[in-house]
Amino acid sequence: MRKINAVISASVLILLVIHAVAGGFQLMGVLPGGNRVVSVLSWIMTGLIILHIAIGIQLTIATLRAIRKSGVSYPRENRIFWARRISGFAVMLFVFCH
């Protein structure tokens, strides 16, 4: 599951770069607005983001269950895990506002 999520994450980043470049070209007038290819790529990226969120939520729930089952959370050892979850949530807020 984590490998699939990593591939999805890399795909989203590639599509994000394409989205940014195409948007910049549209703002400069190089590409016409309403380009069908850019629109399809944006929808594919949206689907991948939703899938990435679903997998992230599932992995977070599994982690919370493991913490609850073991009775200890090891905050220092899991600091980077929670930093990724919190920063990912913040980025998703920005994506949805965009």
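Look up: the structure comes first, before these words.
The structure displayed is predicted, hence computed values, not measured ones.

*Asks:* Run through the overall build of the chain, naming residues and quoting values.
*Replies:* Per the secondary structure count, the chain includes 3 helices and 0 strands. Start at the N end of the chain and walk to the C end: the helices and strands fall as α-α-α. The C-alpha atoms of the chain give 17 Å as radius of gyration, which overshoots the globular expectation for 98 residues (13 Å, by more than 25%). Along the first, second and third principal axes, the C-alpha set of the chain runs to 60 × 20 × 20 Å. Every one of the 98 residues in the chain was classed for burial, and the buried ones make up 17%. Counting only contacts in the chain whose residues sit at least 6 apart along the sequence, the fraction spanning at least 24 positions is 65%.

*Asks:* Account for a nonpolar patch on the surface, with residues named and values stated.
*Replies:* Taken together, the side chains of Val 17, Val 21, Phe 25, Met 28 and Val 30 make up a nonpolar region of the molecular surface, amounting to roughly 480 Å² of accessible area. Turning to its location among the elements, Val 30 is positioned in the loop between α1 (2-28) and α2 (36-70). Judged by relative accessible area, Val 30 falls into the exposed class, the value being 56%.

*Asks:* Could you give an account of the nonpolar core, with specific residues and numbers?
*Replies:* Counting residues in each nonpolar core, the largest one holds 9 residues, listed as Ile 8, Val 12, Leu 15, Met 45, Leu 48, Ile 49, Ile 55, Leu 59 and Met 92. Broken down by secondary-structure element, the contributors of at least two residues to this core are α1 and α2. Sort the elements by how many residues they give to this core and α2 lands first, with 5 residues. Setting aside chain neighbours within four positions, we find Met 92 in contact with Ile 49 and Ile 53.

*Asks:* So what's going on with α1? Which residues, and what values?
*Replies:* Here α1 contains 27 residues, and its C-alpha end-to-end distance of 39 Å stays within 8% of the 39 Å for a straight helix at 1.5 Å per residue. Packed against the buried residues of α1 are α2. Looking one or two residues past α1, Gly 29 carries a phi angle of roughly 90 degrees, positive in sign.

*Asks:* Describe the packing of α2 against helix α3 (residues 79-97), with residues and values.
*Replies:* Axis separation between α2 and α3 bottoms out at 12 Å; the angle between their running directions is 150 degrees. Regarding the angle of α2 to α3, the classification is roughly antiparallel. Handedness of the α2/α3 crossing: left-handed. Taking contact as the criterion, the partners of Ile 49, Ile 53, Gly 56, Leu 59, Thr 60, Thr 63, Leu 64 and Ile 67 in α2 are, on α3, Phe 81, Trp 82, Arg 85, Met 92, Val 95 and Phe 96. Here the contact of α2 with α3 is composed, by residue class, of 10 nonpolar, 3 polar and 1 charged.

*Asks:* Can you lay out the environment of Asn 35 for me, pointing to particular residues and giving the numbers?
*Replies:* With respect to the secondary-structure elements, Asn 35 resides in the loop between α1 and α2. Taking relative accessible area as the criterion, Asn 35 reaches 23% and is therefore assigned partly exposed. The spacing of Asn 35 and Leu 59 is 24 residues in sequence and 36 Å in space, taken between C-alpha atoms.

Thresholds applied
Residues numbered from 1 in each chain as written. Predicted model: local features only at pLDDT ≥ 70, side-chain atom pairs only at ≥ 80, totals over all residues. Heavy atoms only, no water. Helix = DSSP H or I, 4+ residues; strand = E, 2+ residues; numbered from the N terminus. Rg over C-alpha atoms; globule rule 2.2 N^0.38 Å. Buried < 20%, exposed > 50% of the residue type's maximum accessible area, 1.4 Å probe, protein only. Contact = heavy atoms within 4.5 Å. Patch = residues over 30% accessible without salt bridge, like charges linked within 9 Å, V, L, I, M, F, W, Y side chains within 5 Å. Areas by Shrake-Rupley, 256 points an atom, 1.4 Å probe, with all protein chains shown as cover. Salt bridge = Lys/Arg side-chain N within 4 Å of Asp/Glu carboxyl O. Core = buried A, V, L, I, M, F, W, Y, C linked by side-chain atoms within 4.5 Å. Expected span 1.5 Å × (residues − 1). Axes fitted to C-alpha atoms, helices over the stretch in contact; angles between N-to-C directions. Parallel < 35°, antiparallel > 145°, perpendicular 65-115°, else oblique. Left-handed = near helix turned anticlockwise from the far one by under 90°. Nonpolar A, V, L, I, M, F, W, Y, C, P; charged D, E, K, R; others polar.

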